[in-house]
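Residue-level structural notes
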Amino acid sequence: MKPAPFEYIRPETLEEALDALAESGEEAKVLAGGQSLVPALNMRLLRPTLLVDVNRIVGLDEVTTNGAMTIGATVRQSDSRIRAHPLLVDVLPHIGHFVTRNRGTVCGSIAHADAAAELPLALVTIRGSVVAASQRGRREIAADEFFLGPYTTALEPDELVVKTIWPEAADGEGFAFEELAQRRGDYALAMAAACARGDEVRVAVGSVVDRPTLLDVDPEHPGESAAAQVDPWGSIHASPAYLKQLVRVLVDRAVARARQRATA
């Protein structure tokens, strides 16, 4: 299939892009990498009247590290600079395929808010945040408040994600990520990320919930307590009981590796 007709603009400045979003509102979509947007357009799941290409806007391709790593809106998932965070080193190889990572952006995946996407889960796990801009100014939204449900976020129609903020790992902090997919590059049936420091453990899960979700787990039995908190709906690929068992195993694996790295 081919997309429904739309107008295409490629602004040179952030101000021009924000003006276009303010004028068109919900009728506009932002194009950065396009790895999720373009297929949705071709299948006519989305029918925007305006496409705003932000790839020429100066400054949106920046990565900075100063107490936290900030990743601009057009930074690709294959960019070596974003491997400064240890959790992203674990996560990135699981995202799609090398070809899609060459075009797909970090912020685009965050804004898309797919419940089975790895980057939103990683941002929630490290308690990162999203910076959104509009004609009204900028605001920072905590990751665990940004994702509201499948493909649904706290963004207003006239807002653009200009960067995401990834707090750097503290001393003695270890991270790990685990997922299981039917084939490499497929969406995960279940996934888990963990942060460990001393006796403290922080765990988030994805794919088996409607958004990346932080769980309050028992440090002594993290997998068992995590599985007790999810209620997977199941699919033709896996029953609810199987997905619960996956959560149990993946959380235990992620916590064990995070603890090992925290003491390394």
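In this report, we go over the structure that sits alongside the text. Quick caveat, the model's predicted, so the values are computed rather than measured. (Residues numbered from 1 in each chain as written. Predicted model: local features only at pLDDT ≥ 70, side-chain atom pairs only at ≥ 80, totals over all residues. Heavy atoms only, no water.)

**Observations concerning the sheet that holds strand S1 (residues 7–9)**
Strand order in the open sheet formed by 3 strands is S1-S3-S2, with parallel pairing between adjacent strands. The open sheet has two edge strands with one neighbour each: S1 and strand S2 (28–31). Across the sheet, the mean angle from the axis of one strand to that of its neighbour is 20 degrees, orientation sign disregarded. Here 4 bridges tie S2 to strand S3 (residues 50–53), and the two strands are oriented parallel to one another. Bridging from a neighbouring strand, Val30 pairs with Val52 of S3. (Pairing = 2+ DSSP bridges. Helix = DSSP H or I, 4+ residues; strand = E, 2+ residues; numbered from the N terminus. Axes fitted to C-alpha atoms, helices over the stretch in contact; angles between N-to-C directions.)

**Some points on the pattern of salt bridges**
Counting across every chain of the model gives 11 salt bridges. Measuring nitrogen to oxygen at the nearest pair gives 2.7 Å for the salt bridge that ties Glu159 to Arg139. Residue Glu159 is located in the loop between strand S9 (152–153) and strand S10 (160–167), and its partner Arg139 is located in strand S7 (residues 137–142); the two are separated by 20 residues in the primary sequence. Take Glu159: its relative accessible area is 7%, and that puts it in the buried class. With a relative accessible area of 33%, Arg139 lands in the partly exposed category. The partner of Glu224 in a salt bridge is Arg248, and the shortest N-O contact between them spans 3.1 Å. Taken together, the residues Glu224 in helix H8 (residues 222–228) and Arg248 in helix H9 (residues 240–262) connect sequence positions 24 residues apart. With a relative accessible area of 46%, Glu224 lands in the partly exposed category. Residue class for Arg248 comes out partly exposed when judged on its relative accessible area of 22%. (Salt bridge = Lys/Arg side-chain N within 4 Å of Asp/Glu carboxyl O. Buried < 20%, exposed > 50% of the residue type's maximum accessible area, 1.4 Å probe, protein only.)

So yeah, pure geometry; function would need other evidence.
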